[in-house]
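# Structure at a glance
If you want the building blocks of each chain, they are given just below.
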Amino acid sequence: MKRIFLLAIATLITAYASAQTDTLRVTSKHLKVKQLKPGTRQYLVTVQTPANPKVLKQSLWTRNVSFEKVAGKEQLVIQQNWVGADTLTNRQLYSICEKDFRPVFHTGTSARGTAAFNFESDRVVGADTVLNNGFKGFSIAAEAATFNWELDMETFESLPLKANTVYLINFYHPGSKTAPQYYSYKVTGSEKLLTVNNTSVDCWMLRIDYSDTNYGTFWISKKTHEVLKMEELFDGVKRFKIKLGTVVQV
């Protein structure tokens, strides 16, 4: 009887330990950039609003990852092209990072004009070398090394994902008045995601809670590390990102 009791206690302790949540404050040293494969990814992005729930606003996001020499130094370059039904929502983004994902430079062009930034060790500043930069003279302090939030999907591809883990990521959206800060992303479980030709892909589910009612969940392939799906709810607006199986030229 005593042996059975001890075995039961040991089982409970093991189960409790396995359910404990680990927390990782992410730095560039933790990222597995080799998981980030060069090439093109495309996402169908849809938005559904409470005012018009039967209509989906749609756009196509093309994101290209490459490792190339910039000013004689090999760096990570990510280019994005967003095309929607309304040209006012179109954007072209160009980002340079060190090979370990530390951001160096970012620029975006849209109907609002050009926004260009340099990421420094303790701040993000408007790039004074870019013509017609609407953020020339801009500066915001960063208490710790920050990551470019415009590259969240690629950042997630590089995370060392595992069960029961919270990842604190110091993100900054270039040009925002909100200073860089840590955001909490938690692996809430895994799920078989149905994909092309009725095949299923085993995915981690990575979730961020913006508030009690607003959230975003990303489905990330355990094998290829790519973000295959995102579902977001914010103030009643639903947004989905679905990775396409075939690249479309736009």
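Everything below is about the structure printed above this text.
What comes next is a walk through the structure.

## A short note on the overall build of the chain
- Within the chain, the secondary structure is distributed over 2 helices and 16 strands.
- In the chain, buried positions account for 40% of the 250 residues.
- Contacts in the chain between residues at least 24 apart in sequence constitute 41% of all its contacts with a sequence separation of at least 6.
- Of the roughly 14,300 Å² that the chain leaves accessible, carbon and sulfur atoms contribute 55%.
- Computed over 31 positive and 22 negative side-chain charges, the inter-centroid distance for the chain is 5 Å.

## So, the nonpolar core
- The biggest cluster of nonpolar side chains holds 34 residues, and the ones touching the most others in it are Phe101, Phe156, Leu159, Ile169, Tyr185, Leu206 and Phe218.
- Excluding anything up to four places from it in sequence, phenylalanine 156 contacts Leu161, Ile169, Phe171, Tyr185, Leu206, Phe218, Ile220 and Val227.
- Listed in part, the 7 residues of the second largest apolar core include Phe117, Phe119, Ile140 and Tyr172.

## Overview of unusual backbone geometry
- Notably, phenylalanine 101 is not glycine yet its phi reads approximately 85°, a positive angle.
- Mapping phenylalanine 101 onto the fold places it in the loop between strand S5 (91-97) and strand S6 (103-110).
- For phenylalanine 101, a relative accessible area of 1% puts it in the buried group.
- Its identity as a non-glycine residue notwithstanding, asparagine 132 has a phi of 60°, on the positive side.

## Comments concerning the pairing of strand S4 (residues 73-84)
- With 12 bridges connecting them, strand S3 (residues 52-70) and S4 associate as antiparallel partners. Bridge pairing in S4 places tryptophan 61 opposite tryptophan 82.
- Here S3 hands over to S4 after 2 residues, with alanine 71 in that stretch at a positive phi of 55°.
- Pairing of S4 with S5 involves 7 bridges; the strand directions are antiparallel. In the sheet register, glutamine 79 faces S5, and the bridge partner there is tyrosine 94.
- Adjacent in sequence and paired antiparallel, S4 and S5 are bridged by 6 residues.

## Notes on the side chain of threonine 165
- Mapped onto the elements, threonine 165 comes out in strand S11 (residues 165-172).
- Residue classification places threonine 165 among the buried positions, given a relative accessible area of 2%.
- At a separation of 3.0 Å, a polar atom in the side chain of threonine 165 contacts the main-chain carbonyl oxygen of alanine 163.
- Setting aside anything within four residues of it in sequence, one finds threonine 165 in contact with Thr21, Asp22, Tyr185, Lys186 and Val187.

## Digging into the side chain of glutamate 157
- Structurally, the position occupied by glutamate 157 is in helix H2 (residues 152-157).
- For glutamate 157, the side chain forms a polar contact with the side chain of arginine 41, separated by 3.1 Å.
- Contacts of glutamate 157, omitting those with residues within four sequence positions, involve Gln35, Leu36, Lys37, Arg41, His225, Glu226 and Val227.

Criteria and thresholds
- Residues numbered from 1 in each chain as written.
- Predicted model: local features only at pLDDT ≥ 70, side-chain atom pairs only at ≥ 80, totals over all residues.
- Heavy atoms only, no water.
- Helix = DSSP H or I, 4+ residues; strand = E, 2+ residues; numbered from the N terminus.
- Buried < 20%, exposed > 50% of the residue type's maximum accessible area, 1.4 Å probe, protein only.
- Contact = heavy atoms within 4.5 Å.
- Areas by Shrake-Rupley, 256 points an atom, 1.4 Å probe, with all protein chains shown as cover.
- Lys, Arg positive; Asp, Glu negative; His and termini not counted.
- Charge placed at Lys NZ, Arg CZ, Asp CG, Glu CD.
- Core = buried A, V, L, I, M, F, W, Y, C linked by side-chain atoms within 4.5 Å.
- Pairing = 2+ DSSP bridges.
- Polar contact = N/O pair within 3.5 Å; in protein donor to acceptor, adjacent residues only side chain to side chain.

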